Structures are given as structure tokens and as C-alpha cells.
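Below are the chains, spelled out letter by letter.
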Amino acid sequence: MKTFLFSALAVALLAAGSQSASAAHTMHSGMVMPKCSSSDPVVGVNMMSKMYMTHAQMKTKMAGMSNSKMHVMFMKNHVKLMCTSKAKAMGAKKMSPGM
């Protein structure tokens, strides 16, 4: 179950990583990409479990998945993009690599 929930987190960062410079702050379906400093990267936070995934973790989890499937999982699992510092401030924990 945790794998399924965290798969949705991958949608956010994969989509963010593949955006062009002109679209870097707005993702498909109106989702807004936060502006974070290079030392405070964007993470995808599952708002139900309060766990977050890094860009590298999402790439691994979502390899080979279509954009539409990723988007559905993202929405279904209440994933929100935010800076790492904000995620930590709200009590979110980093997902361990083995999950």
C-alpha cells in the first residue's frame, strides 16, 4: 500500500523535472510549481501520510508510467509540491529508499 501511495508522489517531481524553463512554475492541470532555492529542492508530499519523495526517488518509482497514469495517481493520493523546508516544518518525513 505504501508503494502505491508513494508512486503518486513521483508524478509531481517527474512532471516538474520534465517541464521546460517557460513552464517551470506551472504544471499540467493547473498545479503550481513552488519556487525553491537550489539548496531547498522541491519534493512531493503525500498529504495523508506526511511522507515526501525526492526527485530521484520519484524517477525510480515512476519509470515507464504514462503521464496520464501518473497524473491520476497524483490526484488520488493528495500529493502536493513544496520546498523541502516547508515539508519538514509541517512534520513530513522523507520516504526511506526501500519503500
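Computed from a predicted model, the values in this text were never measured in an experiment.

Cut-off values and rules
Residues numbered from 1 in each chain as written. Predicted model: local features only at pLDDT ≥ 70, side-chain atom pairs only at ≥ 80, totals over all residues. Heavy atoms only, no water. pLDDT = per-residue confidence, 0-100. Helix = DSSP H or I, 4+ residues; strand = E, 2+ residues; numbered from the N terminus. Contact = heavy atoms within 4.5 Å. Buried < 20%, exposed > 50% of the residue type's maximum accessible area, 1.4 Å probe, protein only. Pairing = 2+ DSSP bridges. Arc of directions from axis to C-beta.

Undergrad: I would appreciate a short explanation of the confidence of the model for the protein chain in the present structure.
TA: Reading predicted coordinates in detail is not appropriate for stretches of low pLDDT. Chain-level statistics for the protein chain give a pLDDT mean of 75 and a share of 67% at 70 or above. Of all secondary-structure elements in the protein chain, the lowest mean pLDDT belongs to helix α1 (residues 2-18), at 48, while helix α4 (residues 84-89) reaches the highest, 97. When the criterion is pLDDT under 50, residues 1-9 qualifies, and its contacts beyond four places in sequence or with other chains add up to 27 contacts. Counting interchain partners and residues more than four positions distant, the pLDDT-below-50 stretch residues 18-30 has 18 contacts.

Undergrad: I keep staring at the pairing of strand β1 (residues 42-46) and nothing clicks. Help me out?
TA: Sheet faces and side chains relate simply in a regular strand, where the side chains alternate between the two faces. Burial within β1 is extensive, with five of its five residues counted as buried. Side-chain alternation along β1 places Val-42, Gly-44 and Asn-46 on one buried face and Val-43 and Val-45 on a second face that is also buried. Two elements, β1 and strand β3 (residues 79-83), share five bridges in a ladder whose sense is antiparallel. Along β3, the bridge assignment pairs Gly-44 with Leu-81. Two strands pair when backbone bridges link them, and β1 and strand β2 (residues 51-53) are joined in this way by three bridges, in the antiparallel orientation. Looking at the pairing, Asn-46 lines up with Met-51 of β2.

Undergrad: Can you walk me through helix α3 (residues 67-76) in this structure?
TA: Residues spaced three or four apart along an α-helix point in a common direction, a consequence of the helix completing one turn every 3.6 residues. For α3, every residue scored as buried is listed here: Met-70, Met-73 and Phe-74. Buried residues of α3 fall within an arc of 105° about the axis and therefore sit on the same side. When the buried face of α3 is taken as reference, the exposed residues oriented beyond 90 degrees from it are Ser-68, Val-72 and Lys-76. Backbone geometry just after α3 places His-78 at a positive phi near 55°.

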